[in-house]
Amino acid sequence: MIDQASHTAMANAIRALSMEAVEKAKSGHPGLPMGAADIATVLFTSVMKFDPKAPHWPDRDRFVLSAGHGSMLLYSALYLLGYEDMTIEQIKNFRQLGSITAGHPEFGHATGIETTTGPLGQGLANGVGMAMAEAKLAAEFGPELVDHYTYVLAGDGCLMEGISQEAISLAGHLGLNKLIVIWDDNSITIDGDIANTDNTDQHARFKASGWNTLAIDGHDPEAIEKALLTARQSDRPTMIAAKTTIGFGAPNKGGTAKAHGSPLGAEELAAARLQLGITYPPFEVPTDIIDDWRLAGLRSTRDRVAWNERLGAADSELRAEFERRTAGDIPARLDRAVAELKKQLASEQPKIATRVSSQNALEVINSALPEMWGGSADLTGSNNTRTSDMTPFTAENRTGRYIHYGIREHAMAAAMNGIALHGGLIPYGGTFLVFADYCRPAIRLAALSKLGTIFVLTHDSIGLGEDGPTHQPVEQIASLRIIPGLTVFRPADATEAAECWQLAVKDRHRPSVLALTRQGLPAIRTSYDEENLCARGAYAIASPDDATVTLFASGSEVHLAIKAADLLEAHNVIARVISVPSMELFALQSPEYQAEIIGNTPARVAIEAAVEMGWHRFIGDSGAFVGMSSFGASGPADLLFPHFGLTAKAAADAALAQLQP
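Here's a quick rundown of the structure. Everything quoted here is computed from the prediction, not taken from an experiment.

**What about the overall build of the protein chain?**
In step 1: Scanning the protein chain from N- to C-terminus turns up 26 helices and 20 strands.
In step 2: Going through the 661 residues of the protein chain one by one, you find that 62% of them count as buried.
In step 3: Taken as a whole, the protein chain presents about 24,200 Å² of accessible surface, with 52% of it coming from carbon and sulfur.
In step 4: Seen as two clouds, the 54 positive and the 77 negative side-chain charges of the protein chain have centres 1 Å apart.

**Concerning the sheet that holds strand β19 (residues 603-607)**
In step 1: Taken together, 5 strands build an open sheet; the order of strands is β16-β18-β17-β19-β20 and the sheet is mixed. Since the sheet does not close on itself, it has two edges, and those belong to β16 (539-542) and β20 (624-626), each with one partner. Here the average twist between neighbouring strands, direction ignored, is 25°.
In step 2: As paired elements, β16 and strand β18 (residues 575-579) share 3 bridges and run antiparallel to each other.

**Some details on the pairing of strand β7 (residues 238-243)**
In step 1: When you tally the buried positions in β7, you get 5 out of 6 residues, the bulk of the element.
In step 2: As paired elements, strand β3 (residues 179-185) and β7 share 6 bridges and run parallel to each other. Bridge pairing links Asp185 to Lys243 in β7.
In step 3: Looking at chain direction, strand β6 (residues 212-217) and β7 are connected through 6 bridges and run parallel. Across the sheet, the residue bridging to Leu214 is Ile240, located in β7.
In step 4: Read as a crossover between parallel neighbours, the route from β6 over helix α9 (residues 221-231) to β7 is right-handed.

**A word on the sheet that holds strand β14 (residues 512-516)**
In step 1: One open sheet accounts for 6 strands, arranged β10-β9-β11-β12-β14-β13; its pairing is parallel. Of all the strands in the sheet, just β10 (402-404) and β13 (487-489) have a single pairing partner and so form its edges. Averaged over all pairs of adjacent strands, the angle between their axes in this sheet comes to 20°, without regard to strand direction.
In step 2: Of the pairings in the sheet, the one linking strand β12 (residues 454-458) to β14 comprises 5 bridges and is parallel in character. Considered in β14, the bridge of Thr458 is made with Leu516.

**With respect to the side chain of Ser357**
In step 1: Within the element layout of this structure, Ser357 appears in helix α15 (residues 354-368).
In step 2: Look past the residues within four positions of Ser357 in its chain and what remains in contact with it is Ile352, Asp493, Ala494 and Ala497.

**Observations regarding helix α1 (residues 4-25)**
In step 1: In a regular helix each residue adds 1.5 Å, so 22 residues correspond to 32 Å; α1 covers 32 Å between its end C-alpha atoms and thus fits that length.
In step 2: Among the residues of α1, the N-terminal cap falls to Asp3, whose side-chain oxygen and the backbone nitrogen of Ala5 are separated by 3.2 Å.
In step 3: Directly beyond the C-terminal end of α1, a positive phi value near 65° is found at Lys26.

**Here's the deal with empty space enclosed by the protein**
In this approach a probe as big as a water molecule rolls over the atoms, and the regions it shows empty are the leftover space.
In step 1: Under the counting rule described, the total for this entry stands at 5 cavities of 30 Å³ or more.
In step 2: Of the pockets and cavities examined, the largest cavity occupies roughly 130 Å³.
In step 3: Considering the residues around the largest cavity, the lining is formed by 16 residues, among which Met48, Phe50, Tyr83, Gly112 and Glu114 are closest to the centre.
In step 4: Elements represented by at least two residues in the lining of the largest cavity include exactly β1 (62-65) and α3 (71-81).
In step 5: The leading source of residues in the lining of the largest cavity is α3, at 3 residues.
In step 6: Taken together, the residues of the lining of the largest cavity break down into 10 nonpolar, 1 polar and 5 charged.

**Here we look at the packing of aromatic side chains**
In step 1: Tallying each qualifying case throughout the model produces 16 aromatic pairs.
In step 2: Both rings, one in Phe552 and one in Phe618, keep their centres 5.3 Å apart while their planes meet at 55°; by these two values the pair is tilted. On the criterion of sequence distance, the pair formed by Phe552 in strand β17 (residues 549-553) and Phe618 in helix α24 (residues 616-619) is long-range, its members being 66 residues apart.
In step 3: Feature note: the residues Phe552, Phe586, Tyr593, Trp615 and Phe618 constitute an aromatic cluster, connected by ring pairs.
In step 4: Above the ring of Tyr149, the side-chain terminus of Lys178 is found at 5.6 Å from the ring centroid.
In step 5: We note Arg294 situated over the ring of Tyr79; from NZ or CZ to the ring centre the distance is 5.4 Å.

**Description of a negative patch on the surface**
In step 1: The grouping of Asp3, Asp288, Asp291 and Asp292 at the surface amounts to a negative patch.
In step 2: Summarising the element assignment, Asp288 is placed in helix α11 (residues 287-297).

**A word on the packing of helix α5 (residues 122-141) against helix α7 (residues 162-174)**
In step 1: In contact at an axis separation of 8 Å, α5 and α7 are set at 20° when each is read in the N-to-C sense. In this view, α5 runs roughly parallel relative to α7, as classed from their interaxial angle. Crossing geometry of α5 relative to α7 is assigned as left-handed. On the side of α5, the interface is formed by Gln122, Leu124, Ala125, Val128 and Met132, while α7 contributes Ile163, Ser164, Ala167, Ile168, Leu170, Ala171 and Leu174.
In step 2: When grouped by side-chain class, the residues that make up the contact of α5 with α7 number 10 nonpolar, 2 polar and no charged.

**Things to note about the side chain of Gln472**
In step 1: Structurally, Gln472 can be placed in the loop between β12 and α19 (476-481).
In step 2: Residue Gln472 is classed as buried on the basis of its relative accessible area of 2%.
In step 3: A polar contact of 2.7 Å, which involves the side chain of Gln472, links it to the backbone oxygen of Ala633.
In step 4: With sequence-adjacent residues up to four places away left out, Gln472 is seen in contact with Ser461, Ile462, Leu464, Gly465, Gly632, Ala633 and Leu640.

About the criteria used
- Residues numbered from 1 in each chain as written.
- Predicted model: local features only at pLDDT ≥ 70, side-chain atom pairs only at ≥ 80, totals over all residues.
- Heavy atoms only, no water.
- Helix = DSSP H or I, 4+ residues; strand = E, 2+ residues; numbered from the N terminus.
- Buried < 20%, exposed > 50% of the residue type's maximum accessible area, 1.4 Å probe, protein only.
- Areas by Shrake-Rupley, 256 points an atom, 1.4 Å probe, with all protein chains shown as cover.
- Lys, Arg positive; Asp, Glu negative; His and termini not counted.
- Charge placed at Lys NZ, Arg CZ, Asp CG, Glu CD.
- Pairing = 2+ DSSP bridges.
- Axes fitted to C-alpha atoms, helices over the stretch in contact; angles between N-to-C directions.
- Right-handed = clockwise from strand over helix to strand, strands pointing away.
- Contact = heavy atoms within 4.5 Å.
- Expected span 1.5 Å × (residues − 1).
- Polar contact = N/O pair within 3.5 Å; in protein donor to acceptor, adjacent residues only side chain to side chain.
- 1 Å grid on protein atoms, 1.4 Å probe; cavity = no way out; pocket = protein on both sides within 12 Å on 5 of 7 lines; lining within 4 Å.
- Points joined across faces, edges and corners; volume = space filled by probe spheres on them.
- Nonpolar A, V, L, I, M, F, W, Y, C, P; charged D, E, K, R; others polar.
- Phe/Tyr/Trp six-rings, centres within 6.5 Å; stacked < 30°, edge-to-face > 60°.
- Lys NZ or Arg CZ within 6 Å of the ring centre and 35° of its normal.
- Patch = residues over 30% accessible without salt bridge, like charges linked within 9 Å, V, L, I, M, F, W, Y side chains within 5 Å.
- Salt bridge = Lys/Arg side-chain N within 4 Å of Asp/Glu carboxyl O.
- Parallel < 35°, antiparallel > 145°, perpendicular 65-115°, else oblique.
- Left-handed = near helix turned anticlockwise from the far one by under 90°.

Encoded structure:
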């Protein structure tokens, strides 16, 4: 441990940079960085294992700033530790357009930022996923290659958000002893004293969920280090309640909400500098203090070199597999396995629900890719996410490939993001499509962070039947399609389901949703095609040259479009049929291909058991939409479709109406 004088100077460097950057930006949150600077200094200089010169070292400890509004704490530490891309100019440009020092930490902007945080509680759940990934990979590859901790700094707001309860109960149930959460217990939120809104006994809460808890003075470096080292020896996850003063050092605003979410102001900033003994000019941390920080940043170099030696000495097959998985490379055997499955499906032409088709595809994919790590939010038998070779991942069985997340949709989605961020595994998890609303914040962050998380959302329409409108999604598919950077797949049959899975697995930098049916669907693709047609986003099932109608559909409505084309033929009207498994992938195609698929027939009809939003691109102002404009109803699926006008005849009639003079 460093001496008290050096610690104070190093912690004050974080405080100085943080309050000065916020002041220069004229916005931000100085209170948390000033209050938690002692915690960060001990954690980064004496406890954590990492190397700024090799920031992607697979066996580094992970640090998650769940209270992302305190981003200057992280940015200051990264600069002081010597991360090359975090320069003093970036610190000065905090919250400015084009800088890597965004208002809240964003994964991919700078090395050392392990996850995107800001929406409170998300980082905590990400940390749970990271700790799960560490435990799983350690069981696979051994502690010689995988042996690290996940540290989460969370605030009062993180612990108030509902996702936190889902996350901590899951972590406690799984016994994730390498997860250490430091609660910045400063008793202040934006609205004032925490007593205004909450009086939860957090120690009792965490203990009830299977955690170890400790309480310390968050400004005592010796107590901080002792608690962190004690937590590392626990057989359970640990929460350390670190009592701090928000805005520590600010003589008038410290300890109050005035230090939370706005600059201190020139007068209070000057007073804080005086009280803390900071005499150097703004953004000019003395060389001796920077040297101490940079030296601390090199603490783990020897550990990394030893780890590299262990990796080099490992069995060649184990080493190759570890390196492939940590790099995120997908082997060619995946494409071969999917091709064989497609040939089988073309021969058998099964009439099954796409959730079952999804499970059949996963049987093949999971056999080819050991990194596939599945789960469900207590809907395993409905989501069909568990394959025959999967055993549960538990506190006793770390090798298990299936996660029982329980009824914790939000934490499941955020934990899967943490797994994806950790690397070495491809997470997928299931729930009903209507419960995407519970997952949405994490789905959005997956897209923002460019993570390859896969969300399996079944029971995708009124086709689920008797459970009724509370469980029948009508607006969810459209609401997911409008999230930038998210690929939404709605396959029409078993072949499309296999192709959509292939695309989702191979895209490691874009999250995917697979919207799948409960009800059985006929085979649409009846012959083998080597090309993955779903990769085009939309493609022709039938496209005669003399067509005067184009019928667009996705998922369970593609077979209705084919039936509608048959009905139109009886009226001597020729129709094209276009399957649209992914609007997002279609939007990425060339303008020429898009124009070819949309065509120029005088009549166009889109069919989907959901709201119309998104179909205008296909049918234009004059086309017709056959779908939902209300919530559903409780009843058998085969009665609900005609009840709501979702029939082949309705689609044919809509086309004929457009052809009338």
